[in-house]
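# Descriptive analysis of the structure
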Amino acid sequence: MGSFKNLVFILVLHLLEGALSDSLIQLNNNGYEGIVIAVDPNVPEDETLIQKIKDMVTDASPYLFEATEKRFYFKNVAILIPENWNTKPEYVKPKLETYKNADVLVAESNPAGNDGPYTEQMGGCGEKGDRIYLTPEFLAGKTSEYGPQGRAFVHEWAHLRWGVFNEYDNDQKFYLSSNKKKPVICSGAITGKNVVQKCQGGSCVTQSCKSDRKTGLYEVGCEFIPDEFQTEKASIMYSQSIDSVVEFCTEKNHNKDAPNEQNKKCNLRSTWEVIQDSEDYKKTTPMTTKPPNPTFSLLQIGQRIVCLVLDKSGSMTIGDRLKRLNQAGKLFLLQTVEQGSWVGMVTFDSAAYIKSELVQINSATERDTLTRSLPTAASGGTSICSGLRSAFTVIRKKYPTDGSEIVLLTDGEDNTISSCFDEVKQSGAIIHTVALGPSAAQELEELSEMTGGLQTYASDQVQNNGLMDAFGALSSGNGAVSQRSIQLESRGLTLQSNQWMNGTVIVDSTVGKDTLFLITWTTDTPQILLWDPTGKKQDSFLVDTHTKMAYLQIPGTAKVGIWKYSLQASSQTLTLTVTSRASSGTLPPITVTSKMNKNTGKFPSPMVVYAKIHQGALPILRAKVTVLIESVDGKTVTLELLDNGAGADATKDDGVYSRYFTAYDTNGRYSVKVWALGGVNTATQKVMPQKSGAMYIPGWIENGQVKWNPPRPEINKDALQGTQVCFSRTSSGGSFVASDVPKAPIPDLFPPCKITDLKAKIQGDNLINLTWTAPGDDYDLGTAHKYIIRISTNILDLRDKFNDSLQVNTTDLIPQEANSEEVFVFKPENIAFTNGTDLFIAIQAVDKVNLKSEISNIAQVSLFIPPETPSLSPPCPDINVNSTIPGIHILKIMWKWLGELQLSVALG
């Protein structure tokens, strides 16, 4: 096996707007290098924005340095400037820096006014985040409610780099502890007041918060307003906007009881404890000198330059690989590569051959000419370095190789490939690798990893359409979103005698331009029938019998709706690929991006696959998302990805769908393919819930008076109110490598996954109602065997001495299938549960071979018995209806409780 130690896997599904990044950041002698901050192409040109980015990072660096006990600072930053901004002499060409691997994206707020900085975090505690999002308005200082920009940037950096979480909670701002109402803050030494602002008719008054008599908590709308002047130094993950706050919470001052994301996701550990566990911390020591200010490079995106480097060695005759290469190459040249790009072509066997110098794609003419250069015959050996060197020659005849792209396809081994690694690094080119078949050189991943390129694997299983998907995934990560190719469908089927392959493709309103239907076959030309949404038959397919493919380019913009197809053939395999582009330059298309959680799958550690589905900045909810994972031995596993906030999924309803993968069957490469389908139940969430972002301070206490900030822009908490969306997307653009997989039969070493969404509440007569999402037998797959539930009145005892804590009788609790909702009601026994008692609960799931999950998040209930309602009227004496009171003859007494005692009397 080649060296896969630093293998980087990125599964890219088309239209990389807001793409999942493959960061270039490195920590060098305490300084972070290679940070990429990209300005979105839709941001209007504004030179002052560049200076504001510089100011933010420059201010953030010493704050970060002091907050981390003199360990870390920002050393250098690359600012990516859009191609559509004016060029300047100080703007240079990027090398490996792209929008795809940007660590920070500066983009217009969506919707307008929603300018809070936030970080996308798909993983769990201690796992790096994916990207920081900022707006021009935030950088311009128009959002003072988040504090100084440099401090807020450090807050976001902690999310991004060290996988810590917020120590406040917008959904639950107070909690009960020993019958006392406490704000969700960290540390507990932060001072302030609990007040509510009540407005009517344009006039607002500030009042002390009233208690809810049923829950013991404060009324809805109550806010904790911090004092402007504090002495407490922690914590940055609560509110870095407080002047005195210059540290992260430590084990000593961390508020472990507060129900915030940090406690829920990090097992009650403080942010500093998590940071101390990071690789960054472990490989550094505090500096003894003051660090220098950050340096900045200004990089402007240019035209796309790409050279195809295609293997035509003798092994390409196996299984019609050369024909499949021609089919996939045509898809790339006819559709995937964007207008205005420069494209060249090199083929290689034991030597290299320049088939085309760089040609700019201005029309269909250049595309057709390039397709005629694809290799038609295969023979000879395999010299990958020869092909790469010729590609560098082709590019250098017109442009520097910095930032150019090379698409390298090979099916063979080459024991000399490492001889050109240094040349590849020095070239500044990005190498995308396509490994075809089981014997492709195992060093390919190293080429992709060292240059930030995509790595893909396509098996010889034609019906999986993997090679077509690999080339279809190679749309640009830069430039206008409207120019990038989107794959709507990719399907294959092996047909017997005169069988039909029938199906539908949805063209939604966000796509339709340059729509291409492409069909391939393995022996004879099939019958092809296609109807548009009006029922009109499409008869203009171009048929290429030599490469065994037919394609139809829909003129203009394809009709929105359901397109139907029927393909008939005998004893052969057919595939269908449908691609399109955005229907307009202003309406963002629905995009799908994905990644794996780590570089390699080392048995028995599970992999996690993530797919993010968005329309611009808005997440798409309740889509049906499935992933097909195929091993090098041809075994395929299909999983449904979920956005339920349980198992592998970090946050519910954020448009990121996730699932564990444990079904290893062999060592080597695995390909990944994702389908996303939106139907009548799919919705767009109006505003992304900013779970990982700096806190919006509602106001300050100044000289004893509450000074309110403007209210935070409304967050739509009911995703069901979003617009319904019907769409289809499918693509594959990545692979990962598995190692240490034992020979069959593979032992069951996979426990149930950790329960992360345990909730508890008091119900009825001191009963406790628990709800959670069921884990599986193997992480989030299958059905667990049993649950162990334990309780304690001491939260740390429950965390640290779970097995010694009091166990709840769960005889009647039978686990349901993974991802089902579990409900369990019990009455605490053998433990004092009286008014004011805080009770902590945690669960462990056990599988059929007695493997146990991690301890769940810890849920808390506080027994609050409302005080008796006082009588509003004095007690009445016993009245004898036959008695008389001087001056009054009592005719009748009516007792009617309406908040007062009413008497009906007649005067004597």
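For the structure itself, look to the data block above.
Here is a short report on the structure shown in this document. Note that the structure is predicted; figures quoted are calculated from it, not measured.

## Observations concerning the packing of aromatic side chains
This structure, assessed with the given rule, holds 28 aromatic pairs. An angle of 5° between the planes, with centres 5.1 Å apart, marks the rings of Y670 and F736 as stacked. Of this pair, Y670 sits in strand 36 (residues 668-678) while F736 sits in strand 40 (residues 727-739); the two residues are 66 residues apart in sequence, bridging distant segments of the chain. By way of ring pairs, the aromatic residues Y32, F72, F74, F153, W157, W162, F248, W272 and Y281 are connected into one cluster. One residue, K265, lies across the ring of F165, its end atom 5.5 Å from the ring centre.

## Remarks on the nonpolar core
By size, the foremost hydrophobic cluster in this structure holds 67 residues, and its most contacted members are Y32, F74, F153, W157, W162, Y238 and F248. Once residues lying within four places of it in the same chain are set aside, the contact partners of W157 are I25, Y32, I35, L64, F74, I132 and W162. Counting residues in each nonpolar core, the second largest holds 37 residues, with I620, L639, Y660 and A738 among its members.

## A look at the packing of helix 1 (residues 47-67) against helix 3 (residues 149-162)
Taken N-terminus to C-terminus, the directions of helix 1 and helix 3 make an angle of 70°; their axes are 8 Å apart at the nearest point. Considered as vectors, helix 1 and helix 3 are oriented roughly perpendicular to each other. Where helix 1 crosses over helix 3, the two elements pack in a sense that is right-handed. Only Q149, G150, R151, F153, V154, W157 and W162 of helix 3 make contact with helix 1, whose side of the interface consists of M56, V57, D59, A60, Y63 and L64. A breakdown of the residues in the contact of helix 1 with helix 3 according to their chemical character gives 9 nonpolar, 2 polar and 2 charged.

## Side note on unusual backbone geometry
A cis amide bond links C186 to the next residue, S187, at an omega of 5°. Along the chain, S187 falls in the loop between strand 10 (180-183) and strand 11 (192-200). In this model, F603 is joined to P604 through a cis peptide bond whose omega is 5°. Along the chain, P604 falls in the loop between strand 30 (600-602) and strand 31 (607-615). A positive phi angle, near 60°, is found at K548, a position not held by glycine. Looking at the element boundaries, K548 is found in the loop between strand 25 (542-544) and strand 26 (549-553). One non-glycine residue with positive phi stands out, namely S571, at about 50°. Relative to the helices and strands, S571 is located in the loop between strand 27 (561-569) and strand 28 (572-582). Taking the relative accessible area as the measure of exposure, S571 reaches 55% and is therefore exposed.

The rules we used
Residues numbered from 1 in each chain as written. Predicted model: local features only at pLDDT ≥ 70, side-chain atom pairs only at ≥ 80, totals over all residues. Heavy atoms only, no water. Phe/Tyr/Trp six-rings, centres within 6.5 Å; stacked < 30°, edge-to-face > 60°. Helix = DSSP H or I, 4+ residues; strand = E, 2+ residues; numbered from the N terminus. Lys NZ or Arg CZ within 6 Å of the ring centre and 35° of its normal. Core = buried A, V, L, I, M, F, W, Y, C linked by side-chain atoms within 4.5 Å. Buried < 20%, exposed > 50% of the residue type's maximum accessible area, 1.4 Å probe, protein only. Contact = heavy atoms within 4.5 Å. Axes fitted to C-alpha atoms, helices over the stretch in contact; angles between N-to-C directions. Parallel < 35°, antiparallel > 145°, perpendicular 65-115°, else oblique. Left-handed = near helix turned anticlockwise from the far one by under 90°. Nonpolar A, V, L, I, M, F, W, Y, C, P; charged D, E, K, R; others polar.

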